[in-house]
Amino acid sequence: MKKIYNQRYQETRYEETLDNGLKVVVWHKKDYQKSLGMMVTSLSALDLKQQDNEGNIHEFPAGIAHFLEHKMFETKDGDAMDKFSKIGANVNAFTSYSETAYYFTTSNSICEPLNLLLDFVQELNIDKKSVEKEKGIIIQELNMYQQMSDSKLLMEIYSSLYKNYPLKYDIGGNNESVSNTTVEDLKKCYQLNYHPSRMILVVVTGEDPLEVINIIKNNQANKQFLKIDEVHRIFDEEPEEPARLEYTFQMDVSIPKVAVAYKLDNIVNFNERVKTEWCLRILLDAYFSNLYPKFQEWINEKIFNDYVGCDVDLGKEYGMMMFYAETNKIDDFLFIIDETMSQMITGNIDKKILEQLKKRYFGQSIRALNSFDDIAINTARCFFEQCDFFDPMEILDSIHIDDIKNAVEFLKKSRKCIVKLLPEKS
């Protein structure tokens, strides 16, 4: 077991890769009573097509990662959530466009919930009857999100940006893909993506790290896992232009909601991607937040209310940036976004604002070191990216004016789509 101490951030973690390939990371939070354990696979909502080392292609219905997440809690002798409750621990899970994670928190001894987490994640218990029953539950969940205006707006943004890329699908898929999911699909997907060599277990605890590692080793020593080929996700070719330039739909809202999104190039290199995303976030805050002098004027002029924001997301295979607001002055809002993009593309930023925003983001990152959830999920993401946990913070700290000017080369004003959510007509 390797001990890693970071002098700058005064954080200690222990790392070891077990014989079966499972990566284990234990963050030691001395004097903390709470413990968290999180088991993560890189299987995400983007994994609809995977290829193994022999060139075999495995295709899955949209939403299969989320479907598997639902089914994992059904064990041979009862519901996993009930088991955690009986030992005084909380358990949950989530599926994203990056990973699927299962985690528990407890203020009691970590031994029992940690064993339980390993046991239920490392065994799939499904049959046709239970899968068919689950379809109705998931479809009901999807329909519920379809009735939520913010969720619906976000999905229509993705559908407008992407023609083939899986981001165009909801994380849970759609009614058709869920209905078409089979037991065989789920078993195959589980076999390829839930092998210990494709997962990481992160523990954040005040308990003795050596004892925690021994609990995990003893659990794994009694299990056998078949060897599997490595797989990686593959995608159909995605055009540079958005799938839809403009899209309008109606829901039961009182004020229109509008989003303007831009399709950006993907960045494969991790360090370059992180630096570019930091730079674009800095520019967004510099020109579209209360730091920008005109921002309060726009609110006073009622061009938008306090439901307003922006975001940027860069991945290995995709990139996007968006602005959104609740507004009765749609044309004025669209004009502001066009002007904001023109400002950002210059790459000009006041040095004081740059340093102020760097300190703000750095402070947020430092505070996140007190969040067990943030530590665990970011540890997993850095593992799958093959980088050190503190690399993104160090990259942020090193950003200067020239990096901002280089980052704006990724902004493509022409790759724009507009999505409008209007009140239903009476």
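First, a word on what this report is: a plain description of the structure on this page. (Residues numbered from 1 in each chain as written. Predicted model: local features only at pLDDT ≥ 70, side-chain atom pairs only at ≥ 80, totals over all residues. Heavy atoms only, no water.)

1. Considerations on the pattern of salt bridges
As a reminder, the rule being used: When a carboxyl oxygen of Asp or Glu lies within 4 Å of a side-chain nitrogen of Lys or Arg, that pair is called a salt bridge. The rule is simple: take the accessible area with a 1.4 Å probe, protein chains only, and divide by the maximum for that residue type; under 20% is buried, over 50% is exposed, in between is partly exposed. Comment: elements are numbered from the N terminus, with helices defined as DSSP H or I runs of at least four residues and strands as E runs of at least two.
By the definition in use, this model includes 30 salt bridges. Of the charged contacts, one joins glutamate 15 and arginine 13 as a salt bridge, the two residues approaching to 2.9 Å between their closest N and O atoms. Grouping residues by exposure puts glutamate 15 and arginine 13 together as buried. Note that aspartate 47 and arginine 233 form a salt bridge whose closest N and O atoms lie 2.9 Å from each other. On the criterion of sequence distance, the pair formed by aspartate 47 in the loop between strand S4 (35-41) and strand S5 (49-52) and arginine 233 in strand S12 (residues 231-233) is long-range, its members being 186 residues apart. Here arginine 233 falls in the partly exposed class, since its relative accessible area comes to 23%.

2. Thoughts on the sheet that holds strand S15 (residues 308-314)
Neighbouring strands of a sheet are bound in pairs by backbone hydrogen bonds; such pairs are parallel or else antiparallel. Rules: What makes two strands pair is DSSP finding at least two bridges between them. Only the stretch in contact is used when a helix axis is fitted, and all axes are lines through C-alpha atoms; the angle between N-to-C directions ranges over 0 to 180 degrees.
Reading across the sheet, the five strands line up as S13-S17-S14-S16-S15 and stay open at both edges, with mixed pairing between neighbours. If you trace the sheet from one side to the other, it starts and ends with strand S13 (246-251) and S15, each paired once. Averaged over all adjacent pairs, the angle separating strand axes in this sheet is 15 degrees, with direction ignored. Both S13 and strand S17 (residues 416-423) contribute to a ladder of six bridges, which runs parallel. When the sheet's bridge partners are listed, glutamine 250 is paired in S17 with leucine 422.

3. Concerning the side chain of aspartate 52
Note the following rule: His residues and chain termini do not enter the charge count, which takes Lys and Arg as positive and Asp and Glu as negative. Under this definition, polar contacts are N or O atom pairs within 3.5 Å; protein pairs additionally need one hydrogen-donor-capable and one acceptor-capable atom, and for neighbouring residues in sequence, both atoms have to be side-chain atoms. The contact criterion used is simple: two residues touch if any of their non-hydrogen atoms lie within 4.5 Å.
Structurally, the position occupied by aspartate 52 is in strand S5. Summary of buried charges: aspartate 52 has no salt-bridge partner, and the nearest side chain of opposite charge, lysine 188, is 6.8 Å away. At 3.1 Å, the side chain of aspartate 52 forms a polar contact with the side chain of histidine 58. When neighbours within four sequence positions are excluded, aspartate 52 is seen to be in contact with His58, Asp229, Glu230 and Val231.

4. Considering the packing of aromatic side chains
Rule in force here: Any two of the Phe, Tyr and Trp rings considered here, Trp counted by its six-membered ring, make a pair once their centres fall within 6.5 Å; the pair's planes then place it as stacked at under 30 degrees, edge-to-face at over 60, or tilted in between.
In this structure the tally under the stated criterion is 33 aromatic pairs. Their ring planes at 85 degrees and their centres at 5.9 Å tell us that tyrosine 97 and tyrosine 158 sit as a pair that is edge-to-face. Of this pair, tyrosine 97 sits in the loop between strand S9 (89-95) and strand S10 (100-106) while tyrosine 158 sits in helix H5 (residues 149-161), and the two are 61 residues apart along the sequence. Each member of the pair tyrosine 97 and tyrosine 158 is classed as buried. Seen in terms of ring centroids, phenylalanine 288 and phenylalanine 304 are 6.1 Å apart; in terms of plane orientation they differ by 55 degrees. Their pairing is tilted.

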